[in-house]
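# Report on the structure
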Amino acid sequence: MSEKPPIHINLPLSDEDVTGLHTVDFVLLSGTVVTARDAAHKWLVDTFIRKTTPPSSEDARVEKELASAFKGGGIYHCGPVVTRQADGSYRFLAAGPTTSMREEPYQAEIIHHYGVKAIIGKGGMGERTLQACQEAPALYLHATGGAAVLLAACVKEVRAVYKTEFGLPEAIWLIRVQDMPLVVSMDAHGNSLHEAIRQSSQTRLFD
């Protein structure tokens with residue numbers, strides 16, 4: 001990890017914000033983030049990008065609200081543990097990252113279609129997403145696995161929840177985060193820390 005002090009970044013991000021960051025930069029992210037896992041990615045792509053499934057009127061309403069948050073914003077691959085409080089609001093108890101490669105079939109299309117600038121998860125993603133990060137431009141930000149409670153403490157507000165019929169972990173949560181600690185591990189310049197480590201590991205293994 002970089003020994004430089006953390007870089008504070010705020011959503012929504014501009015192209016200049018994105019291209020100014022590089023792999024191994026340690027960032028503290030603040031702003032509105034949308035959580036989305038397998039069901040949400042498939043729903044967005046099938047219904048609104050590839051248009052193989054017609055949307056209901058409620059789907060169209062939800063997608064319109066999400067599109068505003070996606071523009072310049074961030075998607076967090078996360079299935080949170082939540083509690084509902086006495087006033088009906090939700091609070092995140094745990095917010096660990098999901099393995100991001102599960103969303104590789106969909107991520108590039110979502111980045112391009114909605115103008116997403118930051119993808120947050122763990123484990124990195126593949127060539128299609130890396131190429132989309134160069135073209136959009138966008139970033140992949142690695143969140144530390146096993147730090148679910150720490151990451152939940154960065155969630156200062158649950159602003160909305162959508163598609164609860166997917167189940168609460170797969171639902172789409174609109175949250176406000178403050179100073180979420182992340183590492184740039186795929187940048188807009190074609191660099192992937194995950195791929196670099198994989199290649200280095202193979203070299204050492206076969207030396």
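Heads up: the structure comes first, above all this text.
Summarised in this report is the structure supplied together with it. (Residues numbered from 1 in each chain as written. Predicted model: local features only at pLDDT ≥ 70, side-chain atom pairs only at ≥ 80, totals over all residues. Heavy atoms only, no water.)

## Side note on the overall build of the protein
A tally of helices and strands in the protein yields seven helices and nine strands. Taking 2.2 N^0.38 as the reference for a compact globule, 207 residues should give roughly 17 Å; the C-alpha atoms of the protein span a radius of gyration of 17 Å, in line with that estimate. Every one of the 207 residues in the protein was classed for burial, and the buried ones make up 49%. Looking at the protein alone, contacts between residues at least 24 apart form 63% of all its contacts between residues at least 6 apart. Surface exposure of the protein reaches about 9700 Å², of which carbon and sulfur atoms provide 53%. Taken together, the 20 basic and 24 acidic charged side chains of the protein have centroids lying 5 Å from each other. (Helix = DSSP H or I, 4+ residues; strand = E, 2+ residues; numbered from the N terminus. Rg over C-alpha atoms; globule rule 2.2 N^0.38 Å. Buried < 20%, exposed > 50% of the residue type's maximum accessible area, 1.4 Å probe, protein only. Contact = heavy atoms within 4.5 Å. Areas by Shrake-Rupley, 256 points an atom, 1.4 Å probe, with all protein chains shown as cover. Lys, Arg positive; Asp, Glu negative; His and termini not counted. Charge placed at Lys NZ, Arg CZ, Asp CG, Glu CD.)

## A word on the nonpolar core
Counting 32 residues, the largest nonpolar core has L29, Y76, F92, I120, L141 and M180 as the members making the most contacts within it. Only strand 2 (26-35), strand 5 (90-94), strand 6 (118-121), strand 7 (139-142), helix 6 (148-153), strand 8 (155-162) and strand 9 (172-186) provide two or more residues apiece to this core. By residue number, the principal contributor to this core is strand 9, which donates six residues. Residue contacts for I120: discarding those within four places in its chain leaves L29, V33, I75, Y76, H77, S100, L141, A143, M180 and L182. The next biggest cluster of nonpolar side chains, apart from the first, holds 30 residues, and it includes V62, I111, Y114 and L174. (Core = buried A, V, L, I, M, F, W, Y, C linked by side-chain atoms within 4.5 Å.)

## Side note on the packing of helix 4 (residues 104-114) against helix 5 (residues 127-135)
Helix-helix packing: each pair is described by the crossing angle between the helix axes and the interaxial distance. With their axes 8 Å apart at the nearest point, helix 4 and helix 5 run at an angle of 10° to one another. The angle between helix 4 and helix 5 falls in the class roughly parallel. Handedness of the helix 4/helix 5 crossing: left-handed. Of the residues in helix 5, those touching helix 4 at E104, P105, Q107, A108, E109, I111 and H112 are E127, R128, T129, A132 and E135. Tallied by class, the residues present in the contact of helix 4 with helix 5 amount to four nonpolar, three polar and five charged. (Axes fitted to C-alpha atoms, helices over the stretch in contact; angles between N-to-C directions. Parallel < 35°, antiparallel > 145°, perpendicular 65-115°, else oblique. Left-handed = near helix turned anticlockwise from the far one by under 90°. Nonpolar A, V, L, I, M, F, W, Y, C, P; charged D, E, K, R; others polar.)

## Focus on the pattern of salt bridges
Tallying each qualifying case throughout the model produces 13 salt bridges. Notably, a salt bridge pairs D15 with K117, separated by 2.5 Å at the nearest N-O pair. With D15 in helix 1 (residues 15-19) and K117 in the loop between helix 4 and strand 6, the pair connects residues that are 102 residues apart, well separated along the chain. The class of D15 is partly exposed, set by a relative accessible area of 36%. Counted as one network, the salt bridges with shared partners bring together R50, E109 and R128. (Salt bridge = Lys/Arg side-chain N within 4 Å of Asp/Glu carboxyl O.)

## Regarding the packing of aromatic side chains
The geometry of two aromatic rings is summed up by the distance between their centres and the angle between their planes. Applying the stated criterion across every chain, the model contains four aromatic pairs. Aromatic pair W43 and F48: ring centres 5.3 Å apart, planes at 85°, arrangement edge-to-face. Accessibility assignment for this pair places W43 and F48 in one class, buried. Ring plane angle 55° and centroid distance 5.0 Å describe the contact between F70 and Y114, whose orientation is recorded as tilted. On the criterion of sequence distance, the pair formed by F70 in helix 3 (residues 57-70) and Y114 in helix 4 is long-range, its members being 44 residues apart. Taken individually, F70 and Y114 each receive the classification buried, so the pair is uniform in this respect. Of the aromatic side chains, those joined through ring pairs into one cluster are Y90, F92 and W173. (Phe/Tyr/Trp six-rings, centres within 6.5 Å; stacked < 30°, edge-to-face > 60°.)

## As for the packing of helix 2 (residues 38-49) against helix 3
Running from amino to carboxyl end, helix 2 crosses helix 3 at an angle of 110°, the nearest separation of the two axes being 12 Å. The orientation of helix 2 with respect to helix 3, classified from their angle, is roughly perpendicular. Taking contact as the criterion, the partners of W43, L44 and F48 in helix 2 are, on helix 3, D59, A60, V62, E63, L66 and F70. Across the contact of helix 2 with helix 3, the residue classes break down as seven nonpolar, no polar and two charged.

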